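The lines below spell out each chain.
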Amino acid sequence: MNLILIGAQGSGKGTQAQRLVALLHLRSCASGELLRKAIAQGTPLGRAAQPYLDRGDLVPDDLIIGLVLDCMEHRGDVQGSVLDGFPRNVAQARALDERLMERRQKIDAAAYLDVPREMLLDRLSGRYVCRAAEHVWNVKTNPPRVPGICDYDGSSLYQRPDDTPEKINRRLDIFFNETIHLTDYYGLQGKLLRIDGTGAIDDVTHAIVSGLSEERVNRAVG
Ligand code: AMP
């Protein structure tokens, strides 16, 4: 199963992706994380992407599509992939569908985590990620057991450089002007699950997993 998580920064995509990976035996392909790794490794792609990330702008489509497809390709012992942060616009979604069709694969569902902008701003101001694996924590809503340390791997937590108020607003503008149209794109394909992302983390996970199983039942019946 290939699942897309659509959601603004702070909607809980990263947190839910981590849980779905464990629950459904999926591989996580988080485009932002893949780009930050390429930057840290100093690859040509990383060097080309860096100025865009620094500004909070989207990188050009051709830089990101190959990176995500490559991540989906390394299947190993998993049931599919959960895409977090990709696609970010309809052009990327179309390109993804085309490239997957060539490989006889497809996207099965797209879950939109719906959270109002004011709540996103509040959540992002408290967000920290771990250095080892970008596990996401929040000092207000989802604190680690030991302050400043990741529960999962013991690495230290830091605030992302693009989580400043100015860049957060820039990234949210892009989401609500551009990325949001993915809900129509996947809605028309009958693949959209609209999830209330304002509730507790466990409730959101439950809503996604039950939405996915209902979807499977509907398809089997239909
Ligand atoms: P994220 O970690 O998902 O918030 O992504 C961080 C940054 O990586 C974004 O602000 C963009 O600069 C870049 N990025 C991540 N995913 C994409 C994408 N699908 N298309 C273009 N740029 C992306």
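It should be emphasised that the depicted structure is a prediction, and the values quoted were computed from it without experimental measurement. (Residues numbered from 1 in each chain as written. Predicted model: local features only at pLDDT ≥ 70, side-chain atom pairs only at ≥ 80, totals over all residues. Heavy atoms only, no water.)

**Q** I'm lost on the sheet that holds strand E7 (residues 157–158) in this one. Help?
**A** A sheet is described by the order of its strands in space; here 3 strands give the open sequence E6-E5-E7, paired in antiparallel fashion. Looking at the sheet topology across the chains shown, the edges are occupied by strand E6 (136–138) and E7. Relative to E7, strand E5 (residues 127–130) is paired through 2 bridges, and the arrangement is antiparallel. When the bridges of E7 are listed, Val129 appears paired with Tyr158. (Pairing = 2+ DSSP bridges. Helix = DSSP H or I, 4+ residues; strand = E, 2+ residues; numbered from the N terminus.)

**Q** Where do I start with the site of the ligand in this structure?
**A** In the vicinity of the ligand, 16 residues are found, and the nearest of them are Ser31, Asp57, Val59, Gly85 and Gln92. A distance of 3.0 Å separates a nitrogen atom of the ligand from a polar backbone atom of Gly85. One of the side-chain nitrogen or oxygen atoms of Gln92 is found 2.9 Å away from a nitrogen atom of the ligand. Calculation on the ligand without its partners gives an accessible area of 480 Å², and the protein chains cover 96% of this total. Considering every element that reaches the shell around the ligand, the biggest residue donor is helix H2 (residues 31–41), with 4 residues. A per-class count over the shell around the ligand returns 6 nonpolar, 4 polar and 6 charged. (Near = heavy atom within 4 Å. Polar contact = N/O pair within 3.5 Å; in protein donor to acceptor, adjacent residues only side chain to side chain. Areas by Shrake-Rupley, 256 points an atom, 1.4 Å probe, with all protein chains shown as cover. Nonpolar A, V, L, I, M, F, W, Y, C, P; charged D, E, K, R; others polar.)

**Q** I tried to follow the pattern of salt bridges on my own but got confused; where do I start?
**A** Side-chain pairs of opposite charge can arise whenever the charged atoms involved come near each other. Overall, the coordinates contain 15 salt bridges when judged by the stated rule. Close ionic contact of Arg103 with Glu73 constitutes a salt bridge, the shortest N to O distance being 2.8 Å. One end of the pair, Arg103, is in the loop between helix H5 (90–102) and strand E4 (109–114); the other, Glu73, is in helix H4 (residues 61–73), with 30 residues separating them in the sequence. Here Arg127 makes a salt bridge to Asp163, at a shortest N to O gap of 3.0 Å. Taken together, the residues span a long stretch of sequence, with Arg127 in strand E5 and Asp163 in the loop between E7 and helix H7 (165–177) at a distance of 36 residues. Comparing Arg127 with Asp163 shows no difference in burial state: the two are buried. One continuous salt-bridge network, built from bridges that share partners, spans Arg127, Arg160, Asp162, Asp163 and Arg171. (Salt bridge = Lys/Arg side-chain N within 4 Å of Asp/Glu carboxyl O. Buried < 20%, exposed > 50% of the residue type's maximum accessible area, 1.4 Å probe, protein only.)

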